[in-house]
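A structural walkthrough
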Amino acid sequence: MAEPMVVVDDLHVVYRVYGRGGDRGTAASSLFRLVRRRRRASIREVHAIRGMSFVAYRGDAIGVVGRNGSGKSTLLRAIAGLLPAEQGNVYTAGEAALLGVNAALLNDLTGERNVVLGCLAMGMSREETANAYPGIVEFSGVGDFIDLPMKTYSSGMGSRLRFAIAAARAQDILLVDEALATGDAEFRVKSHARIQELQESAGTVFLVAHNLEEVELTCNRVIWMERGQIVKEGEDVVGIIDEYIAASGGAPVLRDPVTRRRMKAQVAAPIKA
Amino acid sequence: MTDQKTPLRARLGRAGRDPNAGRLAGPGQLRTTDLGVESTSGDGLSLADYAIAHGLRPSAERPSIPAYLRQLWRRVHFILAFATARNIAMYTEAKLGQLWQVLTPLLNAGVYWLIFGKLLDINRGIPNYLGFVVTGVFVFNFTQRAFISTSTVMTDSLELIRALHFPRAALPLAYVMIEFQQMLLSMVVLIPILLFTHEPLTWYWLLAIPALLLQTIFNVGVGLLAARLGAQVNDFSQLLPFLMRTWLYASGVLFSIQTLGHTVNSKIVALLEVNPAALYITLVRNALMSSQRESAPGTKPYNALRCAQWHTLGHAPGQPQKYQLYSAYCHYTGANPAHFWYYAIGWAVVSIIVGFYFFWRAETRYGRG
């Protein structure tokens, strides 16, 4: 029987955003608001997730697709336990690590220190960190840049290193939020392989990507979101993605069989982190 | 702030305490066909029950205090490495690099030497006024810097918090570690200054160690408090400079609270004396400066003439230092100096317990930003 790793139960997430405008922004208007005990006029509630429910099982790689602003990143942050739910709840087996595009670690430190700090923060011992270090550096492919501050890295190099660090420990649940978007072709192949490894070694992976080809290659399930709700969810990855493309009026995914086969072959080749 | 409270309570109510709280009609109901859940779960079983039955935990659940402390203990290497890394990063852009760690307290002392030693001939009735001020400034700076740096640690490290799971208290702890190291270096600068101003090297100096350790514990508590306040109340950073300046003036860094008694109500003197910053400053001064031990009011039998001489000649410029030491012949007015160590221990214990509890309460909310 399939073992559930993530249970999302009627999840609602509401952001409260300050500074909508409408406040005149003067000292007098602030005082007036305080005296009248009125709520700040400039607060606006954004209902980002409106009642989502689904279960993810051990070994699932779930692609989350949808337009910008449909709540994909919010969903991942809620699963990671970083955003409190307004209603409903998210249950996870073990810890969830979130890999986002701008989840820089410590930009003014060298890549080397970032690797060590990242490993220690994830709860690895010093020994484990020392053992994992060469693998992480090799996997990230940043090479000589490892002893330069991370702020000098290109966005691709930064995301490669971050991915390598987070993937070093067999995470129970790995949430990848477009972290692979800036990687080059070689890194994509490597990260596909690593995600598959994690999937096989007990993990569950969520992948938010606008590159639908990537979702098709990596995921066995797909969730199509629109305005904070599930439009369609299931294991028919190709079918749902086609529907999503048709609904959003995008260009269809090029399913060139030769390239597809070549990538699959590379993914299958053992590339160890 | 009030606007954020309602959903938080709603969330906490559901976060594991009552497993049935998540049971809802409609969307919360498990639709077995859609989800591919096997028939053992049965119809009508809520998703929350299903999750709990399989040993899943709410993702935004706060660990219990013992579990949290255990997690924190496992991150001890992370805390040390993070402190070192921050320390290195702080000075990477400066040409003199780490040298600034020593140069900063040295220049600080230099400024006070220039003003109080050379430009102004004032002593406020205090023997070795330069040593008095520099010791006070260095000890106060430890608490002040710990307070200010931890108030921004959560917002500074938001990306780290969002990317990785670790007990968030590791971050303010690391920042206090940095300030601890900085304080040790300033003590290294302080020692020759005190020797140079004719303070003898005695066994009393060892008492500075427990005093500074108690202050460190106090600072950890204060740092945890400031970290949460800084993360959640944006107005806090606007208020902080005023708070710190008031605290500086209330803690007798530039004047002696102990000898205020003749102008200020003795209850207020006692209150100022037992404020934590003043306590740690006094304890360190008493440990390192024999002139402070000898001049503390009440340490010698009351002598009206000598006390009067201290009030007049002791405050006048150009008089011999012995008149400044005559404050010992006056009565002590504020808190009983014999109890200072108990107050210092009390503050450290209260601060770390309150600070830790306050920080831990919001553990799951620091990633929001």
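Just above, that's the structure.
The present account deals with the structure reproduced in this document. (Residues numbered from 1 in each chain as written. Chains lettered and ligands numbered in written order. Predicted model: local features only at pLDDT ≥ 70, side-chain atom pairs only at ≥ 80, totals over all residues. Heavy atoms only, no water.)

Here we come to the pattern of salt bridges. Residues and elements named next belong to chain A. Considering all chains together, one arrives at six salt bridges over all chains under this definition. Glu-243 is the partner of Lys-232 in a salt bridge, and the nearest nitrogen-oxygen pair spans 2.7 Å. Placement of Lys-232 in strand β9 (residues 229-234) and of Glu-243 in helix α8 (residues 237-248) is noted, with a sequence separation of 11 residues between them. Connected via shared salt-bridge partners are Asp-60, Arg-221 and Glu-233. (Salt bridge = Lys/Arg side-chain N within 4 Å of Asp/Glu carboxyl O. Helix = DSSP H or I, 4+ residues; strand = E, 2+ residues; numbered from the N terminus.)

So, on to helix α5 (residues 155-168) of chain A. Residue and element names in this part refer to chain A. Its 14 residues give α5 an end-to-end C-alpha distance of 20 Å, which sits within 8% of 20 Å, the value for a rise of 1.5 Å per residue. Burial of α5 is extensive: 12 of the 14 residues sit out of reach of the surface. Listed in full, the buried residues belonging to α5 are Gly-156, Met-157, Gly-158, Ser-159, Arg-160, Leu-161, Arg-162, Phe-163, Ala-164, Ile-165, Ala-166 and Ala-167. (Expected span 1.5 Å × (residues − 1). Buried < 20%, exposed > 50% of the residue type's maximum accessible area, 1.4 Å probe, protein only.)

Quick look at helix α18 (residues 340-361) of chain B now. Residues and elements named next belong to chain B. For α18, which comprises 22 residues, the first-to-last C-alpha distance of 32 Å matches the rise-based estimate of 32 Å (1.5 Å per residue) to within 8%. All of the buried residues in α18 are Phe-340, Ala-344, Ala-348, Ser-351, Gly-355, Phe-356, Phe-359 and Trp-360. With its buried residues spanning 145° around the axis, α18 presents them on a single face. Opposite the buried face of α18, by more than 90 degrees, sit the exposed residues Tyr-342 and Ile-353. In the core, the buried residues of α18 are packed alongside α4 (65-74), α8 (153-156), α10 (170-196), α11 (208-232), α13 (266-273) and α14 (276-288). (Arc of directions from axis to C-beta. Contact = heavy atoms within 4.5 Å.)

To continue, consider the pairing of strand β8 (residues 221-226) of chain A. Residue and element names in this part refer to chain A. Burial of β8 is extensive: six of the six residues sit out of reach of the surface. Burial along β8 is two-sided: the face carrying Arg-221, Ile-223 and Met-225 and the face carrying Val-222, Trp-224 and Glu-226 are both buried. In the sheet, strand β3 (residues 61-65) pairs with β8 via four bridges, with the strands oriented parallel. Residue pairing across strands places Ile-62 opposite Arg-221, the latter belonging to β8. (Pairing = 2+ DSSP bridges.)

Further remarks concern the side chain of Ser157(B). Residue and element names in this part refer to chain B. As for its placement among the helices and strands, Ser-157 is situated in the loop between α8 and α9 (158-163). Only 2.9 Å separates the side chain of Ser-157 from the backbone oxygen of Val-153, close enough to count as a polar contact. Residue contacts for Ser-157: discarding those within four places in its chain leaves Phe-82 and Leu-171. (Polar contact = N/O pair within 3.5 Å; in protein donor to acceptor, adjacent residues only side chain to side chain.)

It is worth spelling out the packing of helix α3 (residues 111-121) of chain A against helix α5 (residues 76-91) of chain B at this point. What describes two packed helices is the angle between their axes and the distance between those same axes. Contact geometry of α3(A) with α5(B) gives a least axis separation of 9 Å together with a crossing angle of 150°. As far as their axial angle goes, α5(B) and α3(A) are roughly antiparallel. The element α3(A) and its partner α5(B) pack so that their crossing is left-handed. For the pair formed by α3(A) and α5(B), the contact residues are Arg113(A), Leu117(A), Leu120(A) and Ala121(A) on the first element and His77(B), Phe78(B), Ala81(B), Phe82(B), Ala85(B) and Ile88(B) on the second. Taken together, the residues that form the contact of α3(A) with α5(B) break down as eight nonpolar, one polar and one charged. (Axes fitted to C-alpha atoms, helices over the stretch in contact; angles between N-to-C directions. Parallel < 35°, antiparallel > 145°, perpendicular 65-115°, else oblique. Left-handed = near helix turned anticlockwise from the far one by under 90°. Nonpolar A, V, L, I, M, F, W, Y, C, P; charged D, E, K, R; others polar.)

Moving on to the packing of α10(B) against α11(B). All names here are of chain B. Relative orientation of the contacting elements α10 and α11 amounts to 145°, with a least axis distance of 9 Å. Crossing of α10 against α11: the hand is right-handed. Contacts between α10 and α11 involve Pro-172, Leu-173, Val-176, Phe-180, Met-183 and Met-187 from the former and Leu-212, Leu-213, Thr-216, Asn-219, Val-220, Gly-223, Leu-224 and Ala-227 from the latter.

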